[in-house]
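What follows is each chain in one-letter form.
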Amino acid sequence: MKKTAVVIAPGRGTYNAPEIGYLAQRHADKPDLIRAFDDYRISARQPTLSALDGAESFKMSVHTRGDNASALIYGCAYADYLSIDQAEFDILAITGNSMGWYIALACAGTLSAQNGMRVVNTMGTLMQDHLIGGQILYPYSDENWQEIPGAKQALLDKCTDISNRSGNILSLSIDLGGLLVLAGNEAGIEAFEAELPPIQSRFPMRLKNHAGFHSLLQKPVAALGRAALPESLFQQPKIPLIDGRGAVWYPKASDLSALWDYTLGQQVVAPYDFAATIRMAAREFCPDVFIVLGPGTTLGGSVAQSLIRCNWQGWTSKSDFQAAQKTRPDLVSMGG
């Protein structure tokens with residue numbers, strides 16, 4: 001009997017040093033797909049996915065650039081999606097985190113494989129060319145993934161406080177279920193770093209080579225994306241899609257103009273509520289398992305924390321999740 005599944009596509013920051021060779025090693029059975037993606041990159045006068053993935057070593061200055069990282073992550077994640085055994089899993093819905101929304105569109109058939117590359121590469125390149133603002137990460141849950149009462153609102157209030165000061169910009173970018181990604185200009189991010197205590201040995205954490213995604217800072221990038229990527233690229237999804245608000249786009253019933261408008265409008269300039277997408281997936285589709293596409297495994301923790309927030313499978317903490325995974329893995333990470 002098939003298991004039901006919701007598939008989750010990753011965003012930026014998931015291809016790191018351990019992932020060098022990911023595409024070549026795991027997807028040597030897809031030479032035509034990789035060649036097509038490489039040809040697209042050659043036509044754009046950019047390094048091919050094969051060259052980036054086949055590098056001798058990971059270079060922060062090369063592999064984390066928006067114009068390289070976005071396309072590389074897309075290639076790995078889309079190839080992972082094609083590798084899911086459809087005889088074993090009945091895919092009920094697809095979603096993603098941040099840039100993963102573009103990947104989800106391709107996996108669901110709203111964008112063809114090549115048009116998915118076009119959208120991802122265009123937006124990643126625009127982000128890199130303009131690099132407006134940055135991002136910083138801070139948790140509102142403890143190390144056992146239990147929400148600290150009042151912590152999330154306190155962080156949002158701090159953003160408002162900082163933004164009310166002359167020259168500062170800071171706002172919510174992504175809610176990851178137990179962590180907030182904040183977007184801002186340099187002054188806003190520096191103020192946050194100066195006023196929030198270091199916790200859990202690594203926060204506050206700046207995300208390198210990241211612009212101020214999902215904030216009003218990206219209005220110029222959104223406008224350029226809309227000019228470069230026509231609505232005609234979009235077609236009806238074959239599988240339901242859950243967007244960054246938790247809204248569902250259904251096959252044969254989606255307004256493609258609205259879907260294009262959301263993808264290159266609100267999705268770019270407004271906060272992305274990843275926790276809401278996972279909550280909707282769990283409650284509306286009730287899958288047996290969640291499958292997180294690679295590369296990397298960094299998104300798994302955020303998915304688990306988002307599921308804890310909605311008490312899925314009775315999970316209330318990291319220890320609950322870890323115990324459950326030992327007996328019946330309900331969260332499958334393809335990048336592991």
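All values derive from a computational prediction rather than experimental measurement.

(A) Region of the structure containing the overall build of the protein chain. From N to C terminus, the protein chain includes 15 helices and 11 strands. A compact globule built from 336 residues should have a C-alpha radius of gyration of about 20 Å, and the protein chain, at 19 Å, falls within 12% of that. By residue count, 56% of the 336 residues in the protein chain fall in the buried class. Accessible surface, the protein chain as shown: approximately 13,700 Å² in total, 53% of it carbon and sulfur. For the protein chain, the centre of its 28 positive side-chain charges and the centre of its 32 negative side-chain charges are spaced 1 Å apart.

(B) Quick look at the packing of aromatic side chains. Taken as a whole and assessed by the stated rule, the structure comprises nine aromatic pairs. Ring centres 5.7 Å apart and planes at 80° place the aromatic pair W101 and Y262 in the edge-to-face group. With W101 in helix α6 (residues 100–107) and Y262 in helix α11 (residues 256–263), this residue pair connects regions lying 161 residues apart in the sequence. A centroid spacing of 5.8 Å and a plane angle of 35° characterise the contact between W145 and F321, whose relative ring orientation is tilted. Of the two residues, W145 is situated in the loop between β3 (134–139) and α8 (151–163) and F321 in helix α15 (residues 318–327); the sequence distance between them amounts to 176 residues. With respect to burial, W145 and F321 carry one shared label: buried. Through successive ring pairs, a cluster of aromatic residues spans W145, F290, W312, W315 and F321.

(C) A look at the side chain of D67. Along the chain, D67 falls in helix α5 (residues 66–83). Taking relative accessible area as the criterion, D67 reaches 10% and is therefore assigned buried. A polar atom in the side chain of D67 sits 2.7 Å from the side chain of R65. Setting aside residues up to four positions removed in sequence, D67 forms contacts with R41, Q46, N121, G124, T125 and Q128.

(D) The arrangement of the environment of R45 in detail. Residue position: R45 is located in the loop between α2 (31–43) and α3 (49–53). As for R45 and N144, which are separated by 99 residues in sequence, their C-alpha atoms are 46 Å apart.

(E) Spatial organisation of the packing of α2 against helix α7 (residues 113–130). Running from N to C, α2 and α7 point in directions that differ by 40°, and their axes come no closer than 10 Å. Here α2 lies oblique to α7, going by the angle between them. Pair α2 / α7 crosses with right-handed handedness. Every residue of α7 that contacts α2 at L33, A36, F37, Y40 and R41 is listed here: A113, Q114, M117, R118, N121 and T122. Split into classes, the residues belonging to the contact of α2 with α7 amount to six nonpolar, three polar and two charged.

(F) Representation of helix α10 (residues 219–228) within the structure. Along α10, the residues that are buried comprise V221, A222 and G225. Down the axis of α10, the smallest arc covering the buried residues is 100°, so these residues share one side. Exposed side of α10, more than 90 degrees from the buried face: K219 and A227 are the residues found there. Close packing links the buried residues of α10 with α7 and α12 (266–269).

(G) Highlighting the side chain of S302. With respect to the helices and strands, the residue S302 is situated in helix α14 (residues 298–309). Classification of S302 by relative accessible area gives buried; the value is 7%. Apart from the residues within four sequence positions on either side, S302 is in contact with L176, L179 and F274.

(H) Examining the pattern of salt bridges more closely. Here the structure, examined in full by the defined rule, presents 14 salt bridges. D243 is paired through a salt bridge with R245; the nearest N and O atoms lie 2.6 Å apart. The exposure class assigned to R245 is partly exposed, which follows from its relative accessible area of 38%. Close ionic contact of D330 with R328 constitutes a salt bridge, the shortest N to O distance being 3.0 Å. Judged by relative accessible area, D330 falls into the buried class, the value being 4%. One continuous salt-bridge network, built from bridges that share partners, spans K158, D161, R165 and E195.

(I) Spatial organisation of unusual backbone geometry. F203 connects to P204 through a cis peptide bond whose omega is 0°. Position of P204 among the secondary structure elements: in the loop between α9 (186–195) and β6 (205–207). Note that the residue after G294, namely P295, is joined by a cis bond; omega there is 10°. Looking at the element boundaries, P295 is found in the loop between β10 (289–292) and α14. At S98, a position not held by glycine, the phi torsion is positive, near 60°. A relative accessible area of 8% places S98 in the buried class.

Conventions and cut-offs
For every chain, the first residue of its written sequence is number 1, and the numbers climb from 1 along that sequence. Where local features are concerned, this predicted model is filtered to residues with pLDDT of at least 70; where side-chain atom pairs are given and counted, the filter is 80 or more; whole-chain, interface and lining totals use all residues. Side-chain numbers here rest on the full set of heavy atoms in the structure, without hydrogens or water. Runs of E in the DSSP output that reach at least two residues are strands. Runs of H or I that reach at least four are helices, and both are numbered from the N terminus. The globule rule used here is 2.2 Å times the number of residues to the 0.38 power, and the radius of gyration it is set against is calculated over C-alpha atoms. Buried means the residue's accessible area, taken with a 1.4 Å probe over protein chains only, is under 20% of the maximum for its type, while exposed means over 50%, and partly exposed covers the values in between. Residue exposure ignores everything except the shown protein chains as possible cover, and the areas themselves are Shrake-Rupley values with a 1.4 Å probe. Residues scored as positive are Lys and Arg, those scored as negative are Asp and Glu, and His as well as the terminal groups of each chain are ignored. Note that the charge is assigned to NZ on lysines, CZ on arginines, CG on aspartates and CD on glutamates. Pairing of aromatic side chains requires ring centres within 6.5 Å, counting the rings of Phe and Tyr and the six-membered ring of Trp. Pairs whose planes differ by under 30 degrees are stacked, by over 60 edge-to-face, and all others tilted. Pairs of N or O atoms within 3.5 Å make up the polar contacts considered here, provided that, within protein, one atom can donate a hydrogen while the other can accept it, and that residues adjacent in sequence are counted only when both atoms are side-chain atoms. The contact criterion used throughout is that any non-hydrogen atoms of two residues lie within 4.5 Å. Angular values range over 0 to 180 degrees, each being the angle between N-to-C directions of two axes fitted as lines to C-alpha atoms, with helices fitted over their stretch in contact. Roughly parallel means an angle under 35 degrees; roughly antiparallel, over 145; roughly perpendicular, 65 to 115; everything else is oblique. Handedness of a crossing is defined here by the sense of rotation of the near helix relative to the far one, left-handed for an anticlockwise turn of less than a right angle and right-handed for a clockwise turn. Under the scheme applied, nonpolar residues are Ala, Val, Leu, Ile, Met, Phe, Trp, Tyr, Cys and Pro; charged residues are Asp, Glu, Lys and Arg; polar residues are all the others, including Gly. The arc in question is the one spanned by the directions pointing from the helix axis to the C-beta atoms. Whenever a carboxyl oxygen of Asp or Glu lies within 4 Å of a side-chain nitrogen of Lys or Arg, that contact is scored as a salt bridge.

Distances and angles like these do not, on their own, reveal function.
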